[in-house]
Amino acid sequence: MHLNTNRPEIERQLSTAISQDVSAELSSEYSAISELSEHGLHLVGARPDKSILLYFYCSETIAATVLAKSYSSGLLRSLLDSVLNRLLSRATNQATSSTINQLETSLSFDVEEALLIEEVTGLDVFKTKKHPLEKEIDARFELKALRTALQRKERKSSEMHEDDGRYILPSHQISSSSQSKDAALLKEFPLSKHSPVVAMALLMDELYVIHSRSSTIEVFSCANYRCKTQQVTIVTDAKDVASCSPDNCIYILNTLTDRKSMEIVRLAKASNGIEYWKVPCDSRHISVSGVNVFLSLILKGNAQILEYTRKGSLLRTIVSDLPKQVSDFQAIRVKTGRFVCIAVDGSSGKRKLLSVDDDGTTVHSTEIDPDRQGSSSVEDHNFLTSDSNGCILVSDKRSSKVWAVDSNLEQRTELVSAQHHLVNPDGVALDDSGERLFALNKSKAVVQVFRISRRTSETKAK
């Protein structure tokens, strides 16, 4: 397929950028062309000629048919425009929106290529003929086309502010109880029930799911939700998991077989290398900020945060000023340098969302649900995490809701709720695009995937 642009002087650089992105996808690294793969379009190479020559791999008839229909409807051009806009700054070392908007593209087939597609699929590239698979193809294609059109419409209608190249929610649209009405359930897929599900974490384009009393980790592709398993024999009874994008690794909080000791297991994605170190047996939750690892625990009645290097050296211990009746505690570090925490009062069961300074001093606190009694565990009802853009997510299992909050705890935006078919989330994660939210339900052993209309950085930590 030929890709022509109105800027032939940069087509060689664009071709190189596309090829590099193809290599990144093949090595499971972050890739801009993954959006094409999600639509069943497998771009495998590019090279400069009089235009940019694009090579697509079609392993079966239906794949070739989807390629032809995507081309004739304009969807393929729309998807490629999105990919090229992301690669343009890499190819030209420019990142201004005015430069990106100047790029115009067109696609074409050689006559021989069109005839080959017609022969293989039974379709004319320009005039669709009847085909035995047409109903299935049309249904699949139209759903994806509609989804893409809706997403593009939402992006255009939303106001855009510049902040490190990301979207943020305009201040007049933020309130303490603002809601997202445009979320939708995209997918629900089952997990293995060989042992109880514990937690999940997203790393690049893969979702890692860990189980208690098991050395098996389920690894799902975020593109097609297919699962592969990975055996980590050193993991005997996982309690929590966190990911680190800069370091491209997974950290697992593991209980040793003697039940009296715990350790952190560091699993490198690229090399499958494993490192581990012992931690206090009172550790509750694990999180990562930058390349440092943070443990939340309650030791001798005091809620504490331990900070480790990625190699396991203890950097410091932060003792919070919370009262000693705290029964559970979870903390994550945000970009401001402070911590956002959930603490559960052991006597009343009330759950508080806290902003804690670097020395353990509580700067601000608010009750998550002041009108309702809670249980004594964070795990029973709440989960706290942050994404790569600095957005803080809080899920409430009992009310089936997920919020995005800022680091000052002043802004709360409801992302997904029961009205979107969210069912009792035990944990949540947001992909790098900020448009897909993954929610874990331990009791049902399923993961739900939602499309959300606002980017995570709309309410990111300030």
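Residues numbered from 1 in each chain as written. Predicted model: local features only at pLDDT ≥ 70, side-chain atom pairs only at ≥ 80, totals over all residues. Heavy atoms only, no water.

A. Representation of the overall build of the protein chain within the structure. Check the secondary structure of the protein chain and you find 8 helices and 29 strands. Taken across its 462 residues, the protein chain has 52% of its residues classed as buried. Considering only residue pairs separated by 6 or more positions, the protein chain has 50% of its internal contacts joining residues 24 or more positions apart. About 21100 Å² of surface is accessible on the protein chain, with carbon and sulfur atoms providing 48% of the total. (Helix = DSSP H or I, 4+ residues; strand = E, 2+ residues; numbered from the N terminus. Buried < 20%, exposed > 50% of the residue type's maximum accessible area, 1.4 Å probe, protein only. Contact = heavy atoms within 4.5 Å. Areas by Shrake-Rupley, 256 points an atom, 1.4 Å probe, with all protein chains shown as cover.)

B. Representation of unusual backbone geometry within the structure. At Met 204, a residue that is not glycine, the phi angle is positive and equals roughly 55°. Position of Met 204 among the secondary structure elements: in the loop between strand 7 (197-203) and strand 8 (206-211). Unlike most non-glycine residues, Asn 424 shows phi in positive territory, near 40°. Residue classification places Asn 424 among the partly exposed positions, given a relative accessible area of 30%.

C. A look at the environment of Ile 18. The topology assignment puts Ile 18 in helix 1 (residues 11-26). Residue Ile 18 is classed as buried on the basis of its relative accessible area, which comes to 3%. Put simply, Ile 18 and Val 83 are 65 residues apart on the chain and 8.7 Å apart in space, counted from C-alpha to C-alpha. Setting aside anything within four residues of it in sequence, one finds Ile 18 in contact with Leu 43, Ala 46, Ile 52, Leu 54, Leu 84 and Leu 87.

D. Spatial organisation of the packing of aromatic side chains. This structure, assessed with the given rule, holds 5 aromatic pairs. Ring geometry for Phe 189 against Phe 220: centres 4.7 Å apart, planes inclined by 40°, an arrangement best described as tilted. Here Phe 189, found in strand 6 (residues 184-190), pairs with Phe 220, found in strand 9 (residues 216-221); they are 31 residues apart in sequence, far enough to count as distant. Residue Phe 189 is classed as buried on the basis of its relative accessible area, which comes to 4%. (Phe/Tyr/Trp six-rings, centres within 6.5 Å; stacked < 30°, edge-to-face > 60°.)

E. Representation of the sheet that holds strand 28 (residues 436-441). Spatial ordering of the open sheet is given by 6-29-28-27, a layout of 4 strands whose pairing is antiparallel. Two strands lie at the open edges of the sheet, namely strand 6 and strand 27 (427-430), each paired on one side alone. Averaged over all pairs of adjacent strands, the angle between their axes in this sheet comes to 20°, without regard to strand direction. Pairing analysis gives 6 bridges linking strand 6 to strand 29 (residues 446-451), with the strands arranged antiparallel. Across the sheet, the residue bridging to Phe 189 is Val 447, located in strand 29. (Pairing = 2+ DSSP bridges. Axes fitted to C-alpha atoms, helices over the stretch in contact; angles between N-to-C directions.)

F. Here's a closer look at the sheet that holds strand 4 (residues 105-108). In space, the 4 strands of this open sheet follow the order 2-3-1-4, with antiparallel pairing throughout. Lying at the two open borders of the sheet, with one neighbouring strand each, are strand 2 (43-48) and strand 4. Across the sheet, the mean angle separating the axes of adjacent strands is 25° when strand polarity is ignored. Summarising the sheet, strand 1 (residues 2-5) and strand 3 (residues 52-56) pair through 2 bridges and their orientation is antiparallel. Looking at strand 3, one finds that His 2 is bridged to Leu 53.

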